[in-house]
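The primary structure of each chain is shown beneath.
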Amino acid sequence: GAGVSQSPSNKVTEKGKDVELRCDPISGHTALYWYRQSLGQGLEFLIYFQGNSAPDKSGLPSDRFSAERTGGSVSTLTIQRTQQEDSAVYLCASSLPFEGGSETQYFGPGTRLLVL
Amino acid sequence: AQSVAQPEDQVNVAEGNPLTVKCTYSVSGNPYLFWYVQYPNRGLQFLLKYITGDNLVKGSYGFEAEFNKSQTSFHLKKPSALVSDSALYFCAVMRYNFNKFYFGSGTKLNVKP
C-alpha cells in the first residue's frame, strides 16, 4: 500500500491493561509523528521521530506513554496501565524530512482506543 | 508558545455560497501554515500549505487560503461550497525549521443543499 497504515483499527481494553498501537509509515518517509485526537478536541502532539535522531517526546502526557521506532520504519506506541481518559483516536503521520518544501504529513486512518 | 485558534466550532453554509473557515495562529519566527480536512471515518488529508511567497495559496478541491501576517491569520476559503465539502477542517502551524506541528481544535463545516 502507498499510504500510512495503522493497526488495530479499533481496540477495547480494560482499565489497567497495557496496549500497543502500531504504525507503518510510507516507505522512504523518515519523519514519523503520533497524535491523539479526543472527542471534540484538536490533535494533540505526542511524539516525533526523525531518522536516527533522538525522538521529541515533549508531547507525551505521562510516563505511562512510550513509543519506539525500529529500523527507522515501523513505530509502536505503548500505553501502560490504561486509564479511561486515554480513550481517543490515536493518529500516526509520516513525512519526508523537513527541507522547506517536503514537510507535508500523510496521516493514517487512526486507532480508536476505548478504555472501559 | 506556539498555538493555533479556530474560533468557530461549526460553520453552516448553503451549497453554492462562499465559505470561510477561520484560523489564527501564534508562533515565534516565520510560520509554516497548513490546512487539513477529515471526512467522516477517514484519516486527515492535506489541503494546502503556506511556506513563503504569495499570500494567497490554492489547494485541493478548489480551496484557497490567505496568509495575513499583520492579523496572524490563515483563513480557508472557497468561492462556491459543495455538499461534499462537509467535513472537519483543521488548521496547523509549524515553526520554521522545527518539525513540531500545532493543530487547532477543528471546525465542522456543514454545507446544506
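Residues numbered from 1 in each chain as written. Chains lettered and ligands numbered in written order. Predicted model: local features only at pLDDT ≥ 70, side-chain atom pairs only at ≥ 80, totals over all residues. Heavy atoms only, no water.

A look at the interface of chain B and chain A
In this complex, chain B contributes 20 residues to the contact, which on the side of chain A involves 20 residues. Roughly 1600 Å² of surface becomes buried between chain B and chain A when both sides are summed, with 57% attributable to carbon and sulfur atoms. The interface formed by chain B and chain A includes 0 salt bridges. Across the chain B-chain A interface, the total number found is 3 residue pairs in polar contact (both at pLDDT 80 or more). For the side of chain B that touches chain A, the secondary structure elements donating two or more residues are strand 5 (31–38), strand 6 (44–50), strand 10 (87–95) and strand 11 (101–103) of chain B. Sort the elements by how many residues they give to the side of chain B that touches chain A and strand 5 of chain B lands first, with 4 residues. Partitioning the side of chain B that touches chain A into residue classes produces 12 nonpolar, 6 polar and 2 charged. (Contact = heavy atoms within 4.5 Å. Buried area = accessible area lost by both parts, 1.4 Å probe. Salt bridge = Lys/Arg side-chain N within 4 Å of Asp/Glu carboxyl O. Polar contact = N/O pair within 3.5 Å; in protein donor to acceptor, adjacent residues only side chain to side chain. Helix = DSSP H or I, 4+ residues; strand = E, 2+ residues; numbered from the N terminus. Nonpolar A, V, L, I, M, F, W, Y, C, P; charged D, E, K, R; others polar.)

Concerning the packing of aromatic side chains
Working definition: an aromatic ring pair is given by the centre-to-centre distance plus the angle between the planes. Scanning the entire structure with this criterion turns up 15 aromatic pairs over all chains. Members of the aromatic cluster, connected to one another through ring pairs, are A:Tyr33, A:Tyr35, A:Phe45, A:Tyr48, A:Phe107, B:Phe34, B:Tyr36, B:Phe46, B:Phe101 and B:Phe103. (Phe/Tyr/Trp six-rings, centres within 6.5 Å; stacked < 30°, edge-to-face > 60°.)

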